[in-house]
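# Inside the fold
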Amino acid sequence: MPDIQRIDTGDDIIVCENVKKWFGEFQALRGISLRVRRGEVLVIIGPSGSGKSTFIRTINRLEEHQEGRIVVDGIELSHDVRNIAAIRSEIGMVFQQFNLFPHLTVMQNLTLAPIWVRRWPQARAEAKAMELLERVGIPEQAHKYPGQLSGGQQQRVAIARALAMEPRIMLFDEPTSALDPEMIKEVLDVMQELAHTGITMVVVTHEMGFAREVADRIAFFDFGLLVEIGPPDQFFRQPQHERTKLFLSQILHQ
Amino acid sequence: MSAGRLASPSLPAAHLPPMAHLPPMEKPPALTAGPLAWLRRNLFSSLGNAAVTVALAVALGGALRALWRWATQEANWDVITRNWRVILWGRYPMEQVWRPGVGLVLLLVLTGLSLAAWRRPAPTRYRGALVLAWLLSPLALGLLLAGFELPTPRTIGNNLGYYLFRPDLLPVLDAEWRGPTALFLVALLAGLTRSVQQRRSWRIASAIVLALFVGLNLPSAFTIRSGPAGIPLPAALPLALAGVIGGFGGAALGRRLANLEGLRRWLAPLWLALLAVTLLVLTQFDVGRPEFDPAAVLVPVQPNLWSGIMLTLVLSTVTILLSFPLGVLLALGRASRLPVIRLSCIAVIEVVRGVPLITVLFMAQVMLPMFLPLELTIDRVIRAIAGMTLFTAAYLAEVVRGGLQAVPREQLQAARALGLSELLVTALVLLPQALRLVIPAIMGQFVSVFKDTSLVAIVGLLDLLGILNSITKQREFLGTVREVYLFAAVFYFVFSYGLSAASRRLEARLGVGSR
């Protein structure tokens with residue numbers, strides 16, 4: 001798209017500066033400044049209501065930020081519909097509740113956006129979809145409806161659906177929180193495999209094992225603030241902030 | 001955001017191996033239900049209930065027996081059998097009744113194709129074509145039933161020539177200037193072609209055309225005619241001037257525009273247009289007069305001749321086909337973020353829903369003509385369809401709104417996150433799910449449309465009920481009101497029940513993907 005102005009942000013694919021967001025009187029984000037490098041895996045943790053989910057939803061404009069600026073891959077997130085469309089086509093998103101389209105088969109879920117947004121021919125979209133279904137390990141489910149799959153399978157389809165648009169960034173909003181315990185691992189395995197491909201990932205999760213193993217950096221959110229950010233080793237061994245220590249002590253010593 | 005599990009230990013993979021010694025499943029307890037058990041439980045559970053059951057059965061049996069005796073012995077069914085043509089087609093010309101028949105077959109074929117397409121995953125384009133066919137079907141039905149005329153090719157040509165060039169507005173060239181003008185135009189384009197088109201074939205072709213025009217003008221070049229201020233002038237002079245100026249002008253123009261990318265693509269159309277214009281110049285714009293000389297493709301049958309069961313079916317199908325898209329649009333408009341659209345949709349929906357159908361029908365018959373110019377008279381059947389469509393669309397809009405609200409917001413967010421535009425989110429994710437949820441209510445609305453068509457008899461249209469009413473007033477068939485109304489009741493019941501049954505099957509079929 002030649003009309004869209006791109007800003008040079010160097011090695012950073014996501015740049016957030018002082019992002020603020022209110023729901024009515026309640027301030028959900030109190031000025032988040034954060035940069036994500038190309039190919040980085042950033043894990044965001046924090047107690048519920050800390051604004052971590054709201055934050056990643058501002059990155060692809062599912063929630064509108066009211067102050068501050070967000071630049072994704074050089075495109076400024078503004079009210080311009082073309083900018084929003086361009087950013088959304090570079091970002092894939094995976095939700096807590098999967099949000100597959102129940103009236104479409106798995107295959108149709110995967111090919112919908114490539115056919116209608118990217119204008120791919122059906123054959124090409126289906127070939128890509130099969131490749132992705134094989135990658136997430138469920139090619140045999142292609143012609144079933146989402147309602148016929150288990151939660152873990154649905155979430156893997158949702159990851160494949162987001163990848164079908166060939167995004168540069170993947171956002172994960174608590175991808176394993178709605179899953180039965182025995183299905184969490186199959187989804188985390190897919191995410192871990194994905195992290196090794198060099199795609200940029202921003203993951204909101206409560207899976208500390210995944211964070212420790214896969215994350216390049218971990219960010220801790222509380223009360224709509226970015227409290228602390230750092231590599232996993234430092235983050236778990238020597239947390240700087242009292243709030244971080246408190247949070248870690250609560251979730252790690254059960 | 002839910003509290004969620006804060007830390008979960010890593011768990012083994014999902015698929016456990018099957019158990020080694022699994023006992024077989026047991027059968028459920030023996031059935032306590034059966035026809036006899038049901039009778040006992042529901043009709044004869046106590047002495048009092050048994051008495052009531054017997055009394056009602058006797059009363060019902062007596063009534064049915066009386067009805068049966070009347071229907072087989074006393075009733076005069078001649079009124080139906082001798083009038084069946086009129087009941088079926090009304091006053092539609094007998095030699096044209098194949099047209100409503102073809103219309104019905106077309107609709108059935110379209111229905112069959114649609115059911116097949118939605119039964120299994122079909123290519124989106126194929127379904128899109130079907131939706132388009134349904135949207136266009138009311139127009140096609142109208143053309144088929146009312147007939148239509150098309151102008152002959154000659155009149156199309158004449159009118160096109162006349163209105164494109166309006167010779168009465170253009171200064172008509174004197175005979176001696178037509179040759180130079182045509183030559184000038186051809187030379188201009190030949191020069192242009194030479195400077196922008198490198199291909200040899202083009203240059204040669206344009207040179208040939210130019211030479212042709214030069215040759216055409218040669219005979220007149222040797223005549224002498226009077227130039228400006230009466231000075232005698234050889235005709236060759238203006239011709240040569242026109243050719244030279246045109247040629248060099250075109251070449252210069254071409255060089256100036258040479259870096260224009262799309263110009264080359266326009267050369268062929270330019271040449272075609274030029275040849276047409278040149279011919280017009282040479283023929284002094286004698287393209288004929290505008291006129292309308294229609295050739296009937298299908299003999300016109302005025303809608304006021306449509307009547308009988310045919311009119312009932314036409315009214316209901318066309319109303320259904322038109323009101324469904326209109327209702328969906330109204331519902332989407334009501335959910336719009338733009339206040340003007342939202343408020344006007346709410347106004348239409350609420351006003352129409354606040355008025356009885358019969359009032360809407362009277363308004364359509366009496367008031368619609370008042371808003372239209374005098375020359376434009378709309379047939380009464382069309383007015384009735386307009387009224388019923390508006391009425392049904394308002395109710396459908398509320399039904400569809402219920403469906404729209406029942407689709408989870410997260411579905412829309414997921415669709416937006418994939419990069420779909422708002423239009424695509426609505427068409428591909430929101431509407432398919434919303435409409436599926438409200439199929440039973442929509443089909444119920446369609447059944448009531450079918451029955452409500454009988455109200456048009458009150459505003460003087462001869463639908464099934466209107467025709468039957470008029471038959472009972474013939475001297476021959478006086479006193480056959482009971483037979484006639486029983487027939488109408490059976491007809492409406494059979495069709496309405498058929499629609500309901502079809503709706504249940506449709507629900508079952510489309511429910512495949514439901515959560």
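Data block above holds the structure.
Residues numbered from 1 in each chain as written. Chains lettered and ligands numbered in written order. Predicted model: local features only at pLDDT ≥ 70, side-chain atom pairs only at ≥ 80, totals over all residues. Heavy atoms only, no water.

With that settled, consider the overall build of chain A. When helices and strands are tallied, chain A shows nine helices and ten strands. Its C-alpha atoms give chain A a radius of gyration of 18 Å, near enough to 18 Å, the size a compact globule of 254 residues would have. Counting only C-alpha atoms, chain A reaches 55 × 50 × 35 Å along its principal axes. Within chain A, the proportion of its 254 residues that are buried is 61%. Contacts spanning at least 24 positions in sequence make up 65% of the contacts within chain A whose residues lie at least 6 apart. The positive charge centre, built from 28 side chains, and the negative charge centre, built from 33, are 2 Å apart in chain A. (Helix = DSSP H or I, 4+ residues; strand = E, 2+ residues; numbered from the N terminus. Rg over C-alpha atoms; globule rule 2.2 N^0.38 Å. Buried < 20%, exposed > 50% of the residue type's maximum accessible area, 1.4 Å probe, protein only. Contact = heavy atoms within 4.5 Å. Lys, Arg positive; Asp, Glu negative; His and termini not counted. Charge placed at Lys NZ, Arg CZ, Asp CG, Glu CD.)

On to unusual backbone geometry, then. Negative phi characterises most residues that are not glycine, and trans characterises most peptide bonds. All names here are of chain A. Backbone geometry places glutamate 174, a non-glycine residue, at a positive phi of 45°. For glutamate 174, the position within the fold is in the loop between β7 (169-173) and α6 (181-195). Taking the relative accessible area as the measure of exposure, glutamate 174 reaches 1% and is therefore buried. Positive phi, close to 50°, is recorded for phenylalanine 223, a residue that is not glycine. The residue phenylalanine 223 is located in the loop between β9 (217-222) and β10 (225-230) in this model. According to the relative accessible area criterion, phenylalanine 223 is exposed, its value standing at 51%.

Before going further, it helps to examine the packing of aromatic side chains. As enumerated under the stated definition, the model contains twelve aromatic pairs over all chains in all. A ring pair is formed by phenylalanine 220 of chain A and phenylalanine 247 of chain A, whose centres lie 5.0 Å apart and whose planes are at 35°; its orientation type is tilted. Here phenylalanine 220 of chain A is found in strand β9, whereas its partner phenylalanine 247 of chain A is found in helix α9 (residues 242-252), with 27 residues between them in sequence. There is no split in this pair, since phenylalanine 220 of chain A and phenylalanine 247 of chain A are both buried. Aromatic rings pair up to connect Phe450, Phe491, Tyr492 and Phe495 of chain B into one cluster. We note arginine 124 of chain A situated over the ring of tryptophan 120 of chain A; from NZ or CZ to the ring centre the distance is 3.9 Å. (Phe/Tyr/Trp six-rings, centres within 6.5 Å; stacked < 30°, edge-to-face > 60°. Lys NZ or Arg CZ within 6 Å of the ring centre and 35° of its normal.)

Turning to the sheet that holds strand β1 (residues 12-23) of chain A, a few remarks are in order. Residue and element names in this part refer to chain A. Taken together, four strands build an open sheet; the order of strands is β2-β1-β4-β5 and the sheet is antiparallel. Sheet topology places β2 (26-37) and β5 (75-76) at the edges, where each strand pairs with a single neighbour. Strand direction decides the pairing type here: β1 and β2, joined by nine bridges, are antiparallel. In the strand pairing of β2, aspartate 12 is matched with arginine 37. Packing of helix α1 (residues 52-59) onto the sheet brings it into contact with β1, β2 and β4 (67-72), and relative to β2 it is tilted by some 60°. (Pairing = 2+ DSSP bridges. Axes fitted to C-alpha atoms, helices over the stretch in contact; angles between N-to-C directions.)

Residues and elements named next belong to chain A. Between β1 and β2, which follow one another and run antiparallel, lie two residues, and glycine 24 among them has a positive phi close to 65°. Two strands pair when backbone bridges link them, and β1 and β4 are joined in this way by five bridges, in the antiparallel orientation. Bridge pairing in β4 links valine 15 to valine 71.

All names here are of chain A. Tracing the sequence through the fold places aspartate 173 in strand β7. Take aspartate 173: its relative accessible area is 3%, and that puts it in the buried class. Once the C-alpha coordinates of aspartate 173 and threonine 9 are considered, the two residues, 164 residues apart in sequence, prove to be 25 Å apart. Setting aside residues no more than four positions away along its own chain, aspartate 173 makes contact with Ser53, Ile56, Arg57, Met93, Val94, Phe95, Gln96 and Val204.

Below, the discussion takes up the nonpolar core. Judged by nonpolar contacts, the single largest core of 97 residues is most densely connected at Ile44, Phe55 and Ile56 of chain A together with Trp306 of chain B. Residue contributions to this core peak at twelve residues, all from helix α15 (residues 380-406) of chain B. Residues in contact with tryptophan 306 of chain B, not counting those within four places in the same chain, are Tyr92, Leu145, Ala146, Val301, Leu311, Val314 and Val381 of chain B. Grouped together as the second largest cluster of nonpolar side chains are 49 residues, Val94, Leu100, Met170 and Ile199 of chain A included. (Core = buried A, V, L, I, M, F, W, Y, C linked by side-chain atoms within 4.5 Å.)

What follows is about helix α4 (residues 122-135) of chain A. Residue and element names in this part refer to chain A. Taking 1.5 Å as the rise per residue, α4 with 14 residues should run 20 Å; its terminal C-alpha atoms sit 20 Å apart, in good agreement. Within α4 the residues assigned to the buried category are Ala125, Lys128, Ala129, Leu132 and Leu133. Buried residues along α4 cover an arc of 135° about the axis, so they all sit on one side. Turned more than 90 degrees away from the buried face of α4, the exposed residues are Ala123 and Glu134. The secondary structure elements touched by the buried residues of α4 are α3 (106-116) and α5 (151-163). At the exit of α4 stands glycine 137, carrying a positive phi of roughly 85°. (Expected span 1.5 Å × (residues − 1). Arc of directions from axis to C-beta.)

Residue and element names in this part refer to chain A. In space, the six strands of this open sheet follow the order β6-β7-β8-β3-β9-β10, with mixed pairing throughout. Of all the strands in the sheet, the pair left with one neighbour each is β6 (91-94) and β10. Adjacent strand axes in the sheet meet at a mean angle of 15° when their direction is disregarded. Note: strand β3 (residues 41-45) against strand β8 (residues 200-204), four bridges, orientation parallel. Bridge assignment links leucine 42 to a residue of β8, and that residue is valine 202. Running at roughly 150° to β7, α1 makes contact with β3, β6, β7, β8 and β9 of the sheet.

Residue and element names in this part refer to chain A. As enumerated under the stated definition, the model contains 28 salt bridges over all chains in all. Where aspartate 73 meets arginine 38, a salt bridge forms, and the shortest distance between an N and an O atom there is 3.0 Å. In this pair, aspartate 73 is assigned in the loop between β4 and β5 and arginine 38 in the loop between β2 and β3, connecting sequence segments 35 residues apart. We classify aspartate 73 as buried; its relative accessible area is 5%. Given the relative accessible area of 38%, arginine 38 is considered partly exposed. When salt bridges with common partners are traced through the structure, they connect Arg6, Arg38, Asp73, Glu90 and Arg168 into a single cluster. (Salt bridge = Lys/Arg side-chain N within 4 Å of Asp/Glu carboxyl O.)

All names here are of chain B. Where nonpolar side chains cluster on the molecular surface, the patch consists of Phe362, Met363, Val366, Met367, Met370, Phe371 and Ile458 and spans about 730 Å² of accessible area. Within the secondary structure, isoleucine 458 sits in the loop between α18 (439-452) and α19 (464-472). Owing to a relative accessible area of 53%, isoleucine 458 belongs among the exposed residues under this scheme. (Patch = residues over 30% accessible without salt bridge, like charges linked within 9 Å, V, L, I, M, F, W, Y side chains within 5 Å. Areas by Shrake-Rupley, 256 points an atom, 1.4 Å probe, with all protein chains shown as cover.)

What follows is about the pairing of β7 of chain A. Residue and element names in this part refer to chain A. Burial of β7 is extensive: five of the five residues sit out of reach of the surface. As judged from the five bridges shared by β7 and β8, these two strands associate in the parallel manner. Along β8, the bridge assignment pairs aspartate 173 with valine 204. This β-α-β element, β7 to α6 to β8, shows right-handed connectivity. (Right-handed = clockwise from strand over helix to strand, strands pointing away.)

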